Amino acid sequence: MGLWAGRALLAVALGMGIPAALAQTRFPERATAFADKPAVAVGVAWYPEQWPEERWETDLRLMRETGFNTVRIAEFAWSRMEPEEGRFDFAWLDRAIAAAKRHGMMVVIGTPTAAPPAWLTQKYPEVLRVDENGARAGHGGRRHFSFASARYRDFCRQIATELAKRYGHDPAVVGWQIDNEVGPPSFDEESVAAWHAFLQKRYGTVDELNRRWTTEYWSQHYNSFDQVPLHATGQQNPGLLLDFKHFVSATWTDYVQNQVRAMRPLIDARAFITTNTMFWNAGFDHFQMHQDLDLAAWDNYIQEGRPDWVANGANHDLVRGYKQHNFWLMETQPGRVDWAPVNRALDPGQVREMAWQAVAHGADAVLYWQWRPTANGQETYHGAVLGQDGQPNPIQPEIAHTATDLTRAAPLLADTAPAADVAMLFSYDSRWAIDLQRHHKDFDPIKAFTDFYRPLRVQAQGVHIVAPEADLARYRLVVAPNLMVLTEPQAKALEAYVRAGGHLVLGPRSGMRDDADALWPQRQPGPLSNLLGARVAQYYALDESVGITGAVSGKAAIWAEDITPVARDVQVLATYTDKGGWLDGKPAIVTRKVGRGSITYVGAWLDPATMAQLATSLLADAGVTPTVAGADPDLEIGVRAGGGKRLLIAINHGKTAHALALPAGATPAGGDWADGQVAAHGVAWFTLGRDK
Ligand code: GAL
């Protein structure tokens, strides 16, 4: 039995009122570093520093009554922890953590470095962030520091060290969050110097940089690294702009690791270290950021309050892919946000749906943001569990229902992870390179990715999203919607996957450029064109759709490529109809068998119905079958498997009940399942017998 379990049972024995459902959780011995926490954490961001201490007990009691077992604290409280330079005050935090413990809460501590105190930025203004136009940030908001500032990093290391020394062996502290949603880069002098050092390390010599960026263009030639300007936008060489993203990725990763390195030796190995990230954030390479973190965590907000379950699910799958492991949902909204153009609240039932969706996609924690709005401060309009009077908001019973269900289902969920036979490749380089030169204003790489993902997820009922370098052997089908930047090693690994019997599908714009954003000398798909036995003769931005006819038929819009087969065994699956145009009669989709595997190239952005037909045939060819046959598109199906278990989760995102044809061996385990149907906005879960 782990420490947490021991402490929880002791608390129960002492009559401290651990939530009943939590106390029943068996906390099975798990083969992970985090052996002593419940399989599912449910909780909230709590800011004790913002409230009188007399209120803490009431808040914690209400949290417990809501079914919460976890609080995340401290991530913006630097001015309370260190009111003056070098003078630390953790007494209040000691008391807050002790109070949380008395109520049976697990604690995640955030390092407060997203919000440097006024004394720091006043005395050391050089730590302040400078934007691309040269304007220096001031105090009063957050994230107003430079990610490259050595002095700022010293302060970060110090506060992180103090926290780790004090709470690193506290059994209630199950995890650590570094900073909060890192992101905006800085253009101050230290950042410029770091940029030059980065380029030197990447290219070795300035001649190599000149070669890779083709700087003979417009007299861009550099004689030394220190001549290279630091830019994120504007009319710059695409090689420079892509390397800017690489630089930002490396700098943020190192910024986070600066704190991790200080904390690791001071905290128990069972506690995780993570950072919380934002949805589809293009700021830095999240695969790189997570290499030396223990798990991924992210903040899922439905900006307009109208969830598109498939698109949201894709983001969960991407986060799972950062470490190819279950993750934490570190923040989600109790109803609404406060930063959308219209901050519409989710409909009744949807907060619960979104929590279960996260779990179905691999979340082992669901934490709400936030507990209660403060009297003032920038976020008083945001959704919260309590109102300003300290009493529950109308959303509280739904959250309590969710928390109770998740805690009840925790023993079933323990040691399971989302199952999938299909993987999609997400490449930050490709996303950035497309965004830098879209060639068609509507070629939004995330929309293009999601259009591929949608029918695959709906039909296959499980898709993993992974980096192009990931080990793909376990997947029957691998789809890379727009793998524009493709390196030689990536191409080799993909070829090996196909030769070993895998089915690889490349979408438009794939294999066009290398990782300095330079065109490959051969036509698309560049280093994979020999394997495909075909090449893209020309690409076209479309202002009107063109027809697609063949094994799938319908329309293509925005983008279309004319593919020329070269090898004799290449099969043309569909051609264009484009009377009087360049594309008329030209191949749009080609495929080639390679042993038991295959490589397919889809040259056009297909409309949703055509994409759905294509997904059906790709899944059939790869032998992928859904767990539940004939599910309504409003019904999200997910399977979590592991530890000898298989669990089916069905979430009805629709406004009416939907029939669910249970697979053989499925046994209802909980939720809104009656008369063969899942209720409107309902959730139901079932055991499916033993894992394969
Ligand atoms: C997140 C942030 C939180 C809070 C929340 C409101 O991005 O991490 O601190 O601001 O948004 O939606």
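For the structure, check the block above.
Residues numbered from 1 in each chain as written. Predicted model: local features only at pLDDT ≥ 70, side-chain atom pairs only at ≥ 80, totals over all residues. Heavy atoms only, no water.

**Here's the deal with the overall build of the protein chain**
For the record, the criterion: Secondary structure elements are defined from DSSP: runs of H or I of at least 4 residues count as helices, runs of E of at least 2 residues count as strands, and each element is numbered from the N terminus. Only C-alpha atoms enter the radius of gyration, while the globule expectation follows 2.2 Å times N to the 0.38, with N the number of residues. Remark: exposure states derive from per-residue accessible area (1.4 Å probe, protein chains only) relative to the maximum for the residue type, with buried under 20%, exposed over 50%, and partly exposed in between. The contact criterion used throughout is that any non-hydrogen atoms of two residues lie within 4.5 Å.
Each helix and strand counted, the protein chain has 19 helices and 28 strands in total. What you see for the protein chain is a C-alpha radius of gyration of 26 Å, in line with the 26 Å of a compact globule of 692 residues. Residues counted as buried form 60% of the 692 residues belonging to the protein chain. At a minimum sequence separation of 6, the contacts of the protein chain that also span at least 24 residues come to 72%.

**Quick word on the site of the ligand**
In plain terms, the rule: One heavy atom within 4 Å of a molecule or strand makes the whole residue count as near it. Distance and chemistry together define a polar contact, namely a pair of N or O atoms within 3.5 Å, with one atom able to donate a hydrogen and the other to accept it when in protein, and with adjacent residues in sequence counting only for side-chain atoms on both sides. Only the protein chains shown count as covering a residue, and every accessible area follows the Shrake-Rupley method with a 1.4 Å probe. When residues are grouped by polarity, Ala, Val, Leu, Ile, Met, Phe, Trp, Tyr, Cys and Pro land in nonpolar, Asp, Glu, Lys and Arg in charged, and all others, Gly among them, in polar.
Residues in close proximity to the ligand include Phe-76, Arg-142, Asn-180, Glu-181, Asp-299, Tyr-301, Glu-331, Trp-339, Trp-369, Glu-379 and His-382, which together make up its full environment. One of the side-chain nitrogen or oxygen atoms of Glu-379 is found 2.3 Å away from an oxygen atom of the ligand. When the free accessible area of the ligand is taken as 310 Å², the share hidden by the protein chains comes to 95%. Residue classes in the shell around the ligand are distributed as four nonpolar, two polar and five charged.

**Side note on helix H13 (residues 350-360)**
Each α-helix winds once per 3.6 residues, and so residues spaced three or four apart point in a common direction. Where burial is concerned, most of H13 is hidden: 11 out of the 11 residues are buried. Buried residues of H13: Gln-350, Val-351, Arg-352, Glu-353, Met-354, Ala-355, Trp-356, Gln-357, Ala-358, Val-359 and Ala-360, and no others.

**Digging into the pairing of strand E9 (residues 363-368)**
Filter applied, for reference: Paired strands, in this sense, are two strands between which DSSP finds at least two bridges.
Extensive coverage of E9 is indicated by the burial of six of its six residues. Where strand E8 (residues 327-332) lies against E9, three bridges are found, and the strand directions are parallel. When the bridges of E9 are listed, Leu-329 appears paired with Val-366.

**Side note on the environment of Ala-604**
Mapping Ala-604 onto the fold places it in strand E21 (residues 604-606). Sequence separation between Ala-604 and Tyr-576 is 28 residues, and the spatial gap between their C-alpha atoms is 9.4 Å. Each residue touching Ala-604, except ones within four places of it in the same chain, is listed here: Pro-508, Ile-548, Ala-556, Trp-559, Ala-560, Tyr-576 and Ala-588.

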